[in-house]
Amino acid sequence: MVATVAAAGAVFLIVRLDDVRQTLIEHPESLGFVVAAMLVLGRYTGYRLTELFRFRDIPEGNG
Amino acid sequence: MRWLFSYRRLMASGVLGMNARNAGAILEHNPRALYPIVDDKLQFLKLCRRVGVPTPSVYAVFARHGQLRHLDATLLAAPDCVIKPARGSSGRGVMVLTGVAPDGYFRHNGSIATADDLRRHLSDILSGLYSLGGRPDQAIVQQRLRTHPAFQRISYRGTPDVRVLVYRGEPAMAMLRLPTLDSSGRANLHQGGVGVGVDLESGRTTCAVWRGRALRRHPDTGEPISDRAVPDWRAVLAAARTVARATGLGYVGVDVVPDIAGPVVLEANARPGLAIQSANGMGLRKVMERIDRQMRNAECEMRNE
């Protein structure tokens, strides 16, 4: 929940920038890059940053 | 800050991440249509009975608010019981009663719940306060299992259970879950329980994890946790295997309580967490790959015959 609000806040601050607004309005097709980035992100099956922290006590070479 | 650069190390130890679990294990091996069998405890209990695996006896099921007027009669007949939502998750909404008190019922932590408190709690359960997705639910009044003497000194006011992770019908990893003062009698790790790795071959405990960190002694009793034998280990694994195969799920966590009379299956989970890796100090991926190989070899042999 807190993370979601923080992420929304960060995106708000970025989208509010004049340069970003101008680019998005003049080149609406650039939204395609955002969609593409989302799709790539959704296919990611590696570790999350939080997991590097979470599993820090697991010794190497086991398993 | 060394953890920031541990990506390769985690890969080398075969740790399964959340994304890999969702995309590889759950999506591939757990068909959506089978979820209700484990998400609804009443359906799951029926399944266990069908395959002959012991479960705690059910004293009563409440489905409608109107039925709550019989609650007192039910509890007076069986005041040593557990009240839980049929479709709850991670131990939420579970209330443990141990006996009749002068003005209500004793809870496992020694406090007293009045008949009104309990009616309100069941009413909350029926309204779906603790159910998955907040949908209306049913409340189950169930037999309370006792702590096995083997775990008496390493659990705090609650019943420890063994979570067996079964991958494609074969036990892949197991952990003993111990209740603590923090977890208020529940053994779920999210609630503050201790997870203790159990060696699949010997059934003896290895290392432990609590609140994300490695641990050597029980936080409340101070007793060392490692190298203890889980009673009836073979039977625990057999029960988990039977139940997992009956559900049809290929990546499922089965919770088994080693009762004095033998293992009793509590519930199963179609989205078992990853903390079992921390408790065992090893990754899941290599175990799963080994089981995959065994399956492939077995298939080849069948074709050759």
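Everything numeric here is computed off the predicted structure, so don't read it as measured data.

1. Structural notes on the overall build of chain B
Each helix and strand counted, chain B has 9 helices and 13 strands in total. Over its C-alpha atoms chain B spans a radius of gyration of 20 Å, differing by no more than 12% from the 19 Å that the globule rule assigns to 305 residues. Along the three orthogonal principal directions, the C-alpha set of chain B runs to about 65 × 45 × 40 Å. Classification of the 305 residues of chain B by burial places 42% in the buried group. If you take every contact in chain B between residues at least 6 apart in sequence, the share linking residues at least 24 apart comes to 60%.

2. Brief notes about the domain arrangement of chain B
All names here are of chain B. As far as domains go, chain B holds domain 1 (19-55 + 146-304) and domain 2 (58-143). For domain 1 and domain 2, the distance between their C-alpha centres works out to 26 Å. Listed as interface residues are 13 residues of domain 1 and, on the opposing side, 13 residues of domain 2. Looking at the side of domain 1 that touches domain 2, the element that brings in the most residues is helix H4 (residues 41-50), giving 3 residues. Its residues assigned to classes, the side of domain 1 that touches domain 2 comprises 2 nonpolar, 6 polar and 5 charged.

3. Overview of the sheet that holds strand E12 (residues 251-259) of chain B
Residues and elements named next belong to chain B. Here we have 7 strands laid out as an open sheet, ordered E11-E10-E9-E8-E7-E12-E13, and antiparallel in their pairing. This sheet does not close on itself; its edge strands, each paired only once, are strand E11 (213-215) and strand E13 (262-269). When strand polarity is set aside, the average angle formed by the axes of neighbouring strands in this sheet is 30°. Summarising the sheet, E12 and E13 pair through 7 bridges and their orientation is antiparallel. Note on E13: the bridge partner recorded for Asp-255 is Glu-267.

Here is what the cut-offs are and how they apply
- Residues numbered from 1 in each chain as written.
- Chains lettered and ligands numbered in written order.
- Predicted model: local features only at pLDDT ≥ 70, side-chain atom pairs only at ≥ 80, totals over all residues.
- Helix = DSSP H or I, 4+ residues; strand = E, 2+ residues; numbered from the N terminus.
- Rg over C-alpha atoms; globule rule 2.2 N^0.38 Å.
- Buried ≥ 20, exposed ≤ 12 C-beta atoms within 10 Å, placed from the backbone.
- Contact = placed C-beta atoms within 7 Å.
- Domains from an automatic or database assignment.
- Nonpolar A, V, L, I, M, F, W, Y, C, P; charged D, E, K, R; others polar.
- Pairing = 2+ DSSP bridges.
- Axes fitted to C-alpha atoms, helices over the stretch in contact; angles between N-to-C directions.

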